[in-house]
Amino acid sequence: MRIEESEGVSASRKHLVFAYYVTGHGFGHATRVVEVVRNLILAGHDVHVVTGAPDFVFTSEIQSPRLFIRKVLLDCGAVQADALTVDRLASLEKYSETAVIPRESILATEVEWLNSIKADLVVSDVVPVACRAAAEAGIRSVCVTNFSWDFIYAEYVMAAGNHHRSIVWQIAEDYSHCEFLIRLPGYCPMPAFRDVIDVPLVVRRLHKSRKEIRKELAIEEDVKVVILNFGGQPSGWKLKEEFLPPGWLCLVCGASDTQELPPNFIKLAKDAYTPDVMAASDCMLGKIGYGTVSEALAYKLPFVFVRRDYFNEEPFLRNMLEYYQGGVEMIRRDLLTGHWKPYLERAISLKPCYEGGINGGEVAAHIIQETAIGKNYASDKLSGARRLRDAIVLGYQLQRAPGRDILVPEWYANAANELSKSTGSSTVSAAEGGHLMSSYIEDFEILHGDLQGLPDTMSFLKSMAELDAINEYEKNSEKRQMRERKAAAGLFNWEEDIYVARAPGRLDVMGGIADYSGSLVLQLPTREACHVAVQRNDPNKHKLWKHAQERQNTKGQQPTPVLQIVSYGSELSNRGPTFDMDLSDFIEDGQPIPYEKAKKYFAQDPSQKWAAYVAGTILVLMKELGVRFEDSISMLVSSAVPEGKGVSSSASVEVASMSAIAAAHGLSISPRDIALLSQKVENHIVGAPCGVMDQMTSACGEANKLLAMVCQPAEVIGLVEIPNHIRFWGIDSGIRHSVGGADYGSVRIGAFMGRKIIKSLASDVVSKSSDFSNGFVHDELEDDGVALLEAEASLDYLCNLAPHRYEALYAKMLPETLLGQEFLNRYIDHSDPVTSIDTNRKYVVRAPAKHPIYENFRVKNFKALLTSTTSDDQLTALGELLYQCHYSYSACGLGTDGTDRLVRMVQEMQHSSKSKSEGGTLYGAKITGGGSGGTVCVIGRNSLCSSQQILEVQQKYKVATGYLPFIFEGSSPGAGKFGYLRIRRR
């Protein structure tokens, strides 16, 4: 189009030159840049756009000699296998190739180019290195965006391993050179930016009316039209005529030239102007991105969306879309199989209500122009209040204020855990507990079981009772929680029995990652727990969600058993709040499907992968116990065990789900067997290589007692009373932990490699195949020595090797590190059924092998000390064992800055003159569970002074990092001790 001088930003008296860098991730960034650039050119300025996007994205909207396009790609964004699938490792590797390896050359080139065009200001959306290049060229820079790449790559680093952390560090450092951020609606936390200016939505203008577009496409006004807008299509996907309701048409964006479409699908030209087509449609089906969401809101177009995996921008945009009543979520499975009808019909019933500004392009252009002229929008402070609030949401803050630690975060947490609103576990007062007690008595008749005075169970029953008052709840609740509540409201038949189970998380006091090597472990059940409610329903009477009903109708079959699950708290983890499946999906040729097939089934849609922890219990019962499920099943999952903090949130969900399913189907399963079956869910269906101590504690633990268990494989040897003068706390570091992460798995593999090497060395000596020149020191072998070596040659668990034997014979023989391929060439396999060796990866071996051997020794001493005479020496020794365990984790590569900082703070508190004068209060601390973040366990005196010192540590950590830690204290019974409730609505 022709640019009219009277439009847009008022003309500046000074002619300016702007360099505008655009990220290489998709067209969405380029399309919003168009609006800002258009307004800058209208004001009489030159704009040099640095982009990898096609020219037509800019020239179809801007026809001006003041627009200069330079085709250079300086970042890669997220690498996508197809429209819905992000390859996290490939994204990090591609970014390294694109922006890290050639970094020095890029900076030199960009500095020279910026000086050559005499740029007055650099604008970035949102290329990190552009900010650094501007700084080196002595030019001011600003960013315009709703997210930053350090935030997006955070989760990728967590999955790919610590060796990729430097990418996030460098990106955050680059952004810190930016003067301020022009922040768009639907934004993510972005603490790397020092100052922020918020602007309205940036959207492209309409060129033609709905009537004109429909006339061009020969579509009658009364025909329902959906625009399919995925920026490409999921791989292997073939559109079919029956995907659409009768009489509907679908306009397809991004179809290939060779793709054949059914008669009710219309292929749009590649350069079709999408805003006009959107405005001519009745709804849109696509993936969430800034461009699609902003323009759907601006033009009040209902949006049926399918979640993308591993793109952290999405939940923030989704919340904005749903807040303005413009979105309907479609399950990926229904997208690919063509069950579109219920979603499209729901979409056209929506009334999107966004009434905010849509002139963000004009506003941003004005700010950019004024900044280039010389106006100072940035504050004098290096760390503003807004930036601090964002950092608290993330759990991190770049420290740049004088006198403060310089700490670039290891990675940013994925979800907006609103921990700034809470300093620890929720509590219920006696008065509140009495109210809840009377309330649940009024609401439910308890036919079996006992609440045992647990306030969280009372609260859970109260929340269930409120489900039929959903309309009143809707008036007083956040909209983002409503989808969960609405789905749960129709889940149960209130005239039938409901079974409720409860399972706590666990605080790893001693043992940790040594569990898979056969160690003794000591574990404390947490006060926080997961509740699961289960109801069986006759398939003929089961009330199905519309899309599930449509799926059965399409198959033309009689009602068959269906599983429907609602999970509360889904938005905090960017997962779908509901899951459903036909239970027949678990059957193939009359037999339960293999675990590997189930793993792939749940992994196909990452937003619903969480359901593997819950639904997986059903398959395990089918395969291991031969259970057949003839009824439909409804499940409500509500967990107060925080995710990603190393306190076994996954085990609590598995154990509670397994227990509730068993109770509802009259299965008598011991707590120990519940734990072992739950571990199979996590190992074989979820695919996380955890040991069994988490599930055993959740199932077999008792309140305020340490569960003592030898993990060979899972023998509970008793419950250890915690002396009255001793207390344990957990302090969350804010760094998200995952046993499915690369670092935990690689350490486990290293330990199993070490065991295999030790067995081989011992076997060589026994068979006298060694010439004894390999480092062993031998006199003539005695019979007892031969017996020991024979036992070590068939070593089942590393923890059965005594530390002195390890040091005397094997410590110097184990390699520090070993390449996967080299190990396999020499030893064939590492004999671990739940992990696989990457042939191209170098594994640390010696430290992971040494850790469980010494940890088992430490745990035995810890257990013995707990029963020794009360003294300061007793507490000092117990604390020292925790410290030793912590530093052994670090030697394995499982430490983090956050957990190390918390341990140092406890040490400083312990050795302070004030603490010594008061007889000492805190005595030791250690990282817990799988390491790589999560929670630190602290031991101290059971006193008011100790509790005050824990709060001091909490506040000091907040001052140092901007993150207020969650404190775990107290305990509660395991699932076995709780049993189950059978309830019915009065």
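Criteria and thresholds
Residue indices follow the written sequence of each chain, beginning from 1 at its first position. Since the coordinates come from a predicted model, pLDDT governs what is reported: local features require at least 70, and pairs of side-chain atoms require 80 or more to be given and counted, while whole-chain, interface and lining totals use all residues. Processing note: side-chain calculations cover all non-hydrogen atoms of the structure and skip hydrogens and water entirely. Working definition: helices are DSSP H or I runs of at least four residues, strands are E runs of at least two. Numbering for both runs from the N terminus. Residue contacts are defined here by distance: any two heavy atoms, one from each residue, within 4.5 Å place the two residues in contact. Using the Shrake-Rupley algorithm and a 1.4 Å probe, accessible areas are obtained, with residue cover drawn only from the displayed protein chains. Whether a residue is buried, partly exposed or exposed follows from its accessible area with a 1.4 Å probe, protein chains only, as a fraction of its type maximum: under 20%, in between, or over 50%, in that order. DSSP calls a pair of strands paired once it identifies at least 2 bridges connecting them. Salt bridges are defined by distance alone: a side-chain nitrogen of Lys or Arg within 4 Å of a carboxyl oxygen of Asp or Glu. Pairing of aromatic side chains requires ring centres within 6.5 Å, counting the rings of Phe and Tyr and the six-membered ring of Trp. Pairs whose planes differ by under 30 degrees are stacked, by over 60 edge-to-face, and all others tilted. In this scheme, the term charge over a ring applies when either NZ of a lysine or CZ of an arginine sits within 6 Å of the ring centre and within 35 degrees of the ring normal. Each axis is a line fitted through C-alpha atoms, taken for helices only over the stretch in contact, and angles between the N-to-C directions span 0 to 180 degrees. Reported orientations rely on four angle classes, namely roughly parallel under 35 degrees, roughly antiparallel over 145, roughly perpendicular from 65 to 115, and oblique for the rest. Two helices cross in a left-handed way if the nearer one is turned anticlockwise from the farther one by less than a right angle. They cross in a right-handed way if the turn is clockwise. Any residue outside Ala, Val, Leu, Ile, Met, Phe, Trp, Tyr, Cys, Pro, Asp, Glu, Lys and Arg is labelled polar, Gly included; the first ten of those are nonpolar and the last four are charged.

- Naming follows an unreviewed UniProt entry, where the protein chain appears as GHMP kinase N-terminal domain-containing protein of Linum tenue.

**Focus on the overall build of the protein chain**
Next up, step 1: When helices and strands are counted, the protein chain shows 35 helices and 32 strands.
Next up, step 2: For the protein chain, the share of sequence-separated contacts (at least 6 apart) that also reach a separation of at least 24 residues comes to 71%.
Next up, step 3: Summed over its atoms, the accessible surface of the protein chain is roughly 37,600 Å², and 49% of this surface lies on carbon and sulfur atoms.

**Focus: the environment of Phe823**
Next up, step 1: As for its placement among the helices and strands, Phe823 is situated in helix H29 (residues 820–827).
Next up, step 2: On the basis of relative accessible area, Phe823 is assigned to the buried category, the value being 0%.
Next up, step 3: Separated by 67 residues in sequence, Phe823 and Lys756 have C-alpha atoms that sit 9.8 Å apart.
Next up, step 4: Excluding its chain neighbours within four sequence positions, the residues that come into contact with Phe823 are Met753, Lys756, Ile757, Leu818, Ile828, Asp829, His830 and Ile837.

**Examining the pairing of strand E23 (residues 632–639)**
Next up, step 1: Of all eight residues making up E23, seven are buried, and the element is well covered by its neighbours.
Next up, step 2: In the sheet, strand E18 (residues 520–537) pairs with E23 via eight bridges, with the strands oriented antiparallel. Directly across from Val534, in E23, lies its bridge partner Met635.
Next up, step 3: Here strand E19 (residues 562–567) runs beside E23; their pairing, made up of five bridges, is parallel. Across the sheet, residue Ile565 finds its bridge partner in E23, namely Met635.

**Describing the pattern of salt bridges**
Next up, step 1: Within the structure shown, the criterion is met by 46 salt bridges.
Next up, step 2: In this structure, Glu221 engages Arg210 in a salt bridge whose closest nitrogen and oxygen atoms are separated by 2.8 Å. Pair noted here: Glu221 is in the loop between helix H8 (210–216) and strand E10 (225–229) and Arg210 is in helix H8, with a separation of 11 residues, a long-range link.
Next up, step 3: Take Glu221: its relative accessible area is 47%, and that puts it in the partly exposed class.
Next up, step 4: Judged by its relative accessible area of 26%, Arg210 is partly exposed.
Next up, step 5: Residues Asp829 and Lys756 are paired through a salt bridge, measuring 3.5 Å at the closest nitrogen-oxygen approach. Taken together, the residues span a long stretch of sequence, with Asp829 in the loop between H29 and strand E28 (842–844) and Lys756 in helix H26 (residues 742–766) at a distance of 73 residues.
Next up, step 6: Here the residues in one salt-bridge network are Arg333, Asp334, Arg551, Asp580 and Asp582, joined through shared partners.

**What about helix H25 (residues 693–700)?**
Next up, step 1: The buried count for H25 comes to eight of eight residues, which makes it a mostly enclosed element.
Next up, step 2: All of the buried residues along H25 are Met693, Asp694, Gln695, Met696, Thr697, Ser698, Ala699 and Cys700.

**What about the packing of aromatic side chains?**
Next up, step 1: Considering all chains together, one arrives at 25 aromatic pairs under this definition.
Next up, step 2: Geometrically, the ring pair formed by Phe444 and Trp494 is tilted, given 6.2 Å between the ring centres and 50° between the ring planes. You can see Phe444 sitting in strand E16 (residues 444–448) and its partner Trp494 sitting in the loop between helix H19 (479–489) and strand E17 (498–510), a full 50 residues away along the chain. Here Phe444 and Trp494 have matching classes, each one buried.
Next up, step 3: Of note, Arg32 hangs over the ring of Tyr290, and the distance from its end group to the ring centre comes to 4.8 Å.
Next up, step 4: One cation-aromatic arrangement involves Lys850 over Tyr854; the distance from NZ or CZ to the ring centre is 5.4 Å.

**Section: the packing of helix H4 (residues 103–116) against helix H5 (residues 128–137)**
Next up, step 1: Where H4 meets H5, the closest approach of the two axes is 9 Å, and the angle between their N-to-C directions is 60°. Looking at the two axes, H4 sits oblique to H5. The handedness of the crossing between H4 and H5 comes out as right-handed. Contacts from Arg103, Ile106, Leu107, Glu110, Val111, Leu114 and Asn115 of H4 reach H5 at Val129, Arg132, Ala133, Ala134, Glu136 and Ala137.
Next up, step 2: The residue makeup of the contact of H4 with H5, split by class, is eight nonpolar, one polar and four charged.

**Let's talk about the sheet that holds E10**
Next up, step 1: Here we have six strands laid out as an open sheet, ordered E12-E11-E10-E13-E14-E15, and parallel in their pairing. Strands at the two margins of the open sheet, each flanked by one partner only, are strand E12 (265–267) and strand E15 (327–329). When the angles between neighbouring strand axes are averaged without regard to direction, this sheet yields 25°.
Next up, step 2: Pairing of E10 with strand E11 (residues 249–252), which is carried by four bridges, proceeds in the parallel orientation.

**As for the environment of Glu35**
Next up, step 1: Position of Glu35 among the secondary structure elements: in helix H1 (residues 28–42).
Next up, step 2: In sequence terms Glu35 and Ile62 are 27 residues apart; their C-alpha atoms lie 9.1 Å from each other.
Next up, step 3: Ignoring anything within four residues of it in the chain, the contact list for Glu35 reads Glu61, Val202, Val203, Arg204, Arg205 and Gly361.

**What to know about the sheet that holds strand E26 (residues 726–732)**
Next up, step 1: What the four strands build is an open sheet, ordered E29-E30-E26-E31; its pairing is antiparallel. Edge positions in the open sheet fall to strand E29 (922–927) and strand E31 (967–968), since each of these has one partner strand only.
Next up, step 2: Relative to E31, E26 runs antiparallel, the two sharing two bridges. Within E31, the residue paired with Ile731 across the bridge is Ile967.
Next up, step 3: Each of E26, E29 and strand E30 (935–941) touches helix H32 (residues 897–911); the most contacted strand, E29, lies at about 170° to it.

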